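# Close look at the chain arrangement
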Amino acid sequence: MSIKVIVFDFDGTLADTFNAIVRIANRLADDFGYKPLMPSDIERVRNLSARQIIKESGVPLFKIPFLLKRIQSELHQDIEFLKPVAGIPDLLKELKNKEQIIGILTSNSEDNVRKFLNIHGLDCFFSFICSEPSIFGKSRALINLIDHHSIQSKSLMYIGDETRDISAAKKINIKVIAVTWGFNSFSVLNQYNPDFLVDHPGDVLNIIAQLD
């Protein structure tokens, strides 16, 4: 079955938010009791899964939702300064021209996503935005999305930049493209065995064409 619905993660996949999130997380380090990241730490952290990062930080699990909410709140103030990942606007145009249904599933807030899309004139490309506050709740959110929009799971492709995106899709047997321009590195993404692993947004078009 060909791919008819493409669902993107937001942070790191569509929007170049990595540096902004690191800056915000560092500002909040004292409030939540973890060490700020030094420039020399960045590459090592990109090779860790979300669970490993949480474990290393020492932040209790019950505080993680509060930390994420603070990061999202401060990101809202910076959203006008963020840019789409290079090549993403062209990819969205091509997918829309091919009559693909395009959506977003993110752990960021819907307000942040909509503000970003409006600023960059990208809102016209998306049929739906689904915000899942839980950092590890994407597999459940994908199931809800499929049910709500009456999507056949074999016709859906999920695209994300983190190991948890791969895990969520594979858990419910959905095809997944992992992208190397976001948070996690090629090395760690490859260890999680995504269906496809790409270095540039244009590579997504070639994959979709192969599956038609």
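Please read all numbers here as calculations on a predicted model, not as lab measurements.

## So, the side chain of serine 49
With respect to the secondary-structure elements, serine 49 resides in the loop between α3 (42-46) and α4 (50-57). Among the residues examined, serine 49 registers a relative accessible area of 7% and is labelled buried. Ignoring sequence-local partners within four residues, the contact set of serine 49 consists of Thr163 and Tyr192.

## Here's the deal with the packing of aromatic side chains
Tallied over the entire structure, the rule returns 2 aromatic pairs. Their ring planes at 80° and their centres at 5.3 Å tell us that phenylalanine 10 and phenylalanine 116 sit as a pair that is edge-to-face. Of this pair, phenylalanine 10 sits in the loop between β1 (5-8) and α1 (18-27) while phenylalanine 116 sits in helix α7 (residues 110-119), and the two are 106 residues apart along the sequence. Residue phenylalanine 10 shares its accessibility class with phenylalanine 116, and that shared class is buried. Their ring planes at 45° and their centres at 5.6 Å tell us that phenylalanine 18 and phenylalanine 183 sit as a pair that is tilted. With a gap of 165 residues between them, phenylalanine 18 in helix α1 and phenylalanine 183 in the loop between β5 (175-179) and α10 (186-191) connect regions that are remote in the sequence. Classification of phenylalanine 18 as buried rests on a relative accessible area of 18%. Residue phenylalanine 183 is classed as buried on the basis of its relative accessible area of 19%.

## Describing the nonpolar core
By size, the foremost hydrophobic cluster in this structure holds 44 residues, and its most contacted members are Phe8 and Phe126. Other than its neighbours up to four places away in sequence, phenylalanine 126 contacts Phe8, Leu14, Leu92, Ile102, Gly103, Ile104 and Leu117. Leu105, Ile151, Val176 and Leu189 belong to the second-largest nonpolar core, a separate cluster that totals 18 residues.

What counts and how
By convention here, each chain's residues receive numbers from 1 onward along its written sequence. Only residues with pLDDT of 70 or above have their local features reported here, since the model is predicted, and side-chain atom pairs are shown and tallied only from 80 upward, although totals for entire chains, interfaces and linings are computed over all residues. Side-chain metrics in this entry use all non-hydrogen atoms of the structure; hydrogen atoms and water are not considered. In this description a helix means any DSSP run of H or I spanning at least four residues, a strand means any run of E spanning at least two, and both kinds are numbered starting from the N terminus. Each residue gets one of three labels from its accessible area relative to the maximum for its type: buried under 20%, exposed over 50%, partly exposed in between, using a 1.4 Å probe on protein chains only. Residue contacts are defined here by distance: any two heavy atoms, one from each residue, within 4.5 Å place the two residues in contact. In this analysis, rings of Phe, Tyr and Trp, with Trp reduced to its six-membered ring, are considered paired at centre separations within 6.5 Å, and the interplanar angle assigns stacked below 30 degrees, edge-to-face beyond 60, and tilted for intermediate values. To qualify as a nonpolar core, a set must consist of buried Ala, Val, Leu, Ile, Met, Phe, Trp, Tyr and Cys residues joined through side-chain atoms within 4.5 Å.

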